[in-house]
Amino acid sequence: MRKIMPSLVFCSGMLSVMMAETGTAATFDRGQDIAAGNGSIAVIDGDVNRDKIIDLAVANDKDNSVSVLLGTGNGDFQAPQKLGVGKTPQSIRTADVNADAKPDLITANYGSNTVSILIGLGNGKFKAAVHYPAGSTPFDVGVADFNADKIPDLVVTNHTTNKFSLLIGKGKGSFKAPLSIAVGSRPSVVAIGDFNKDSRKDLVVANYGSQSVTVLLGNGAGNFSSKKSFKVASGPIATVIKDFNKDNKLDIAVANYQSNSVSVLLGKGDGAFVAAHNFSVGTGPVSVMAADFNKDALLDLVVANFQGNTVSFLQGKAGGNFLGEKSFGTGKAPASIAVRDFDGDKKLDIATANYVDNSLSFLFGGTASVVNPPINPPTNPPPDNQPPATDIAGIEQSVHQKINAYRKAQGLSALTFNSTIANVARGHSEDMATGKVAFGHGGFFEQRVPLIAKSIPNGGAAENVAYNWGSSDAAGVAVDGWLKSSGHLANIVGGYTLTGIGVAKDSSGRVYLTQIFW
């Protein structure tokens, strides 16, 4: 089953949504799940025993522990070593907090209002956890040097207080009392980067309760000089920071639990961001990571869907865009993702921490060549001897007949007209005609596809739009133009079974046409 995201192609006043399937695509094979801990809520990768093989550490919120699993280099891991931390840890990070060149572990503990620091011995073992106050209900923790003293500091989101805590490092793995800084409602996670290119550490905090992310620009002295929030979809609960559109400016991707989507905000390089572009994923997304899985020099996204028991893969496209999600099964309630090459084949793999199964699932990566099926040059359909239609219903019927006549001439099955799809298509044409929306595909995947999918299962969708005026055959002009454009033609001959056509006219007589394929 596939879903498609738009690539916009302009042609004589027409646009097409198409899927450009060329080059290589990422594939994943499900590996053997392994036991992790009771209530595996978060996973982080690293080399904790310094053998140049990737290891995993998992926070377990039901038994207040961390599990350390040493890697073997072939995709297997040794049995987990359990270490005690604070109550109900929600996140885990690895960093060298005491400057001994050995990886340490940090957890944010929701139930004990602390962070736990586990000093690493460099051999896969750790000292007993030391706990530091971190404000009320710590949910996530980040590590960076915010005051330029070359000592790691901590930032901790405080989920029920609408604030986050800043813990300035004192050296040797110890920290001062927390300082509270206000953000949005119910802050969930924090990520660290330099959004305005001043070589100082900035923050982005996802606010679960206010459908926003707050960007705070660091002043290099342990404080933040500017704060601004940006709208995303509902229930933001995870973030990743990367340069998705290759303009040397950091962008943000946000997983939104309540809206089953990922919001991508492209950075302007001055601490501001363009409006979010939302992409559909699985049910209950709670974790998102970015990497180039198919080696095309474009970043892809992977998302853990807590309620759907899946990982969504969104292949990256130029300009910070993404194709529609492909789903891969995991254990029950995947809560967190780690991405590395676990089996040593130089292809990126995925590990998920599964909350209900108390396990880790593995999706071992590969790539496969993908080639577009050839599209034959247009074969003229049988002549249409009917006079051109000029009324709305007649134009819609004429488009349907002409498209099916072309498909029949190519040896393809006819598309069944569906009134539900047609009503949605007609609404978009009316919105374009009245100026409510710009001519194009705005809202296709955010509004029209979900609206149709409420009553018709979605196995793939595409859309052609056109407008013309001054013609006695609006349907014929639109269809002829679509057939001369490879993008529109790909939709017309695609593997769809249903269609709906909607037409509207503006006050000047310009005719707007929308055809949705399903």
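All values derive from a computational prediction rather than experimental measurement. (Residues numbered from 1 in each chain as written. Predicted model: local features only at pLDDT ≥ 70, side-chain atom pairs only at ≥ 80, totals over all residues. Heavy atoms only, no water.)

Trainee: Hey, could you run me through the nonpolar core in this one?
Mentor: Looking at soluble globular proteins, one finds that nonpolar side chains tend to be buried together. The biggest cluster of nonpolar side chains holds 21 residues, and the ones touching the most others in it are Ile395, Val399, Ile403, Trp482, Ile492 and Leu513. Those elements that provide at least two residues to this core are α1 (392-409), β37 (462-468), α4 (474-483), α5 (486-492), β38 (498-505) and β39 (511-517). When residues in this core are grouped by element, the largest group, 6 residues, is from α4. Counting residues in hydrophobic clusters, the runner-up holds 20 residues, among them Val281, Val286, Leu301 and Leu314. (Core = buried A, V, L, I, M, F, W, Y, C linked by side-chain atoms within 4.5 Å. Buried < 20%, exposed > 50% of the residue type's maximum accessible area, 1.4 Å probe, protein only. Helix = DSSP H or I, 4+ residues; strand = E, 2+ residues; numbered from the N terminus.)

Trainee: Quick question: what am I supposed to make of helix α2 (residues 419-433) here?
Mentor: Given 3.6 residues per helical turn, the α-helix brings residues three or four places apart onto the same face. If you check α2, its first and last C-alpha atoms are 20 Å apart, about what 15 residues at 1.5 Å a residue would give, namely 21 Å. Among the residues of α2, Ile421, Ala422, Val424, Ala425, His428, Ser429, Met432 and Ala433 are the ones counted as buried. Looking at the buried positions of α2, the neighbouring elements they touch are β36 (416-417), α3 (444-453), β37, β38 and β39. N-cap assignment for α2: the residue whose side-chain oxygen lies 3.0 Å from the backbone N of Thr420 is Asn418. A positive backbone phi angle near 80° is found at Gly435, which sits one or two residues after α2. (Expected span 1.5 Å × (residues − 1). Contact = heavy atoms within 4.5 Å. Polar contact = N/O pair within 3.5 Å; in protein donor to acceptor, adjacent residues only side chain to side chain.)

Trainee: Help me out: how do you make sense of the packing of aromatic side chains in this one?
Mentor: For any two aromatic rings, the description comes down to two numbers: the centre-to-centre distance and the angle of the planes. With the rule as written, the count across this model stands at 19 aromatic pairs. Ring plane angle 75° and centroid distance 5.1 Å describe the contact between Phe28 and Phe328, whose orientation is recorded as edge-to-face. Of this pair, Phe28 sits in strand β3 (residues 24-30) while Phe328 sits in strand β32 (residues 326-329), and the two are 300 residues apart along the sequence. An identical accessibility class is assigned to Phe28 and Phe328; each is buried. Taking the centre distance of 5.5 Å and the plane angle of 75° together, the rings of Phe195 and Phe273 count as edge-to-face. Residue Phe195 is located in the loop between β19 (187-193) and β20 (202-207), and its partner Phe273 is located in the loop between β25 (261-265) and β26 (277-280); the two are separated by 78 residues in the primary sequence. For Phe273, a relative accessible area of 7% gives the class buried. Each member of the aromatic cluster is reached from another via a ring pair, and the members are Phe28, Phe293, Phe313 and Phe328. One Lys or Arg, Lys62, reaches over the ring of Tyr355 and ends 4.8 Å from the middle of that ring. (Phe/Tyr/Trp six-rings, centres within 6.5 Å; stacked < 30°, edge-to-face > 60°. Lys NZ or Arg CZ within 6 Å of the ring centre and 35° of its normal.)

Trainee: Before we go on, may I ask you to explain the packing of α2 against α3 in this structure?
Mentor: Helix packing for two helices is described by the angle between their axes and how far apart those axes are. Interhelical geometry of α2 versus α3 gives an angle of 160° and a closest axis separation of 10 Å. By the criterion of interaxial angle, the relationship of α2 to α3 is roughly antiparallel. The chirality of how α2 crosses α3 is right-handed. Taken together, the residues of α3 that come into contact with α2 (itself represented by Ile421, Val424 and His428) are Arg448, Leu451 and Ile452. In terms of residue class, the contact of α2 with α3 is built from 4 nonpolar, 1 polar and 1 charged. (Axes fitted to C-alpha atoms, helices over the stretch in contact; angles between N-to-C directions. Parallel < 35°, antiparallel > 145°, perpendicular 65-115°, else oblique. Left-handed = near helix turned anticlockwise from the far one by under 90°. Nonpolar A, V, L, I, M, F, W, Y, C, P; charged D, E, K, R; others polar.)

Trainee: Explain α1 here, please?
Mentor: For α1, built from 18 residues, the straight-helix expectation of 26 Å at 1.5 Å per residue is met to within 8% by its first-to-last C-alpha distance of 26 Å. Taken together, the buried positions of α1 are occupied by Gly394, Ile395, Glu396, Ser398, Val399, His400, Lys402, Ile403, Asn404, Tyr406 and Arg407. On its buried side, α1 packs onto β36, α2, α4, α5, β38 and β39. A positive backbone phi angle near 80° is found at Gly411, which sits one or two residues after α1.

Trainee: Please explain the domain arrangement of the protein chain as it appears in this structure.
Mentor: It is common to give the size of an interface as the accessible area that goes away when the parts come together. Partitioning the protein chain into domains gives domain 1 (27-366) and domain 2 (392-517). Relative placement of domain 1 and domain 2: their C-alpha centres are 42 Å apart. (Domains from an automatic or database assignment.)

Trainee: Mind showing me how you'd approach the pattern of salt bridges here?
Mentor: Where charged atoms of side chains with opposite charge meet at close range, the side chains can pair. If you walk through the whole model with that rule in mind, you get 7 salt bridges. Across the pair Arg426 and Glu396 runs a salt bridge whose closest N-O atoms are separated by 2.8 Å. Placement of Arg426 in helix α2 and of Glu396 in helix α1 is noted, with a sequence separation of 30 residues between them. Residue classification places Glu396 among the buried positions, given a relative accessible area of 7%. (Salt bridge = Lys/Arg side-chain N within 4 Å of Asp/Glu carboxyl O.)

Trainee: When you look at the side chain of Thr157 in this model, what are you seeing that I'm missing?
Mentor: Here Thr157 shows up in strand β14 (residues 153-158). Residue classification places Thr157 among the buried residues on the basis of a relative accessible area of 0%. With near-sequence residues (within four places) excluded, Thr157 lies in contact with Thr137, Pro138, Phe139, Asp140, Lys163, Phe164, Pro187, Ser188, Val189, Val190 and Val205.

Trainee: Before we go on, may I ask you to explain unusual backbone geometry in this structure?
Mentor: The phi torsion of most residues other than glycine is negative, and most of the peptide bonds are trans. Residue Asn64 is not a glycine yet carries a positive backbone phi of 55°. Within the fold, Asn64 resides in the loop between β6 (55-60) and β7 (65-69). Phi angles above zero are rare outside glycine, and Arg186 is one such case at about 55°. Inspection of the secondary structure assignment puts Arg186 in the loop between β18 (179-182) and β19.

Trainee: Teacher, can you tell me more about the pairing of β7 here?
Mentor: One face of the sheet, then the other: side chains in a regular strand alternate in exactly this way. Among the 5 residues of β7, 5 are classified as buried, and the element is accordingly described as predominantly covered. For β6 and β7, the ladder comprises 5 bridges, and the chain directions are antiparallel. Looking at β7, one finds that Asn60 is bridged to Ser65. Between β6 and β7, which pair antiparallel and follow one another directly, the connecting turn spans 4 residues, one of which, Asn64, has a positive phi of 55°. (Pairing = 2+ DSSP bridges.)

Trainee: In this structure, what is going on with the environment of Ala297? I would like to understand it.
Mentor: Tracing the backbone shows Ala297 in the loop between β27 (285-291) and β28 (300-305). For Ala297, a relative accessible area of 48% puts it in the partly exposed group. Here the alpha-carbon distance between Ala297 and Lys317, two residues 20 residues apart in the chain, equals 9.6 Å. Not counting residues up to four positions away in its chain, the partners in contact with Ala297 are Lys246 and Asp292.

Trainee: I would appreciate a short explanation of the pairing of strand β24 (residues 251-256) in the present structure.
Mentor: Of all 6 residues in β24, 6 are buried; the element is thus mostly enclosed. As paired elements, β24 and β25 share 5 bridges and run antiparallel to each other. Looking at β25, one finds that Ala253 is bridged to Val264. What sits between the antiparallel neighbours β24 and β25 is a turn of 4 residues, in which Asn260 has the positive phi angle 55°.

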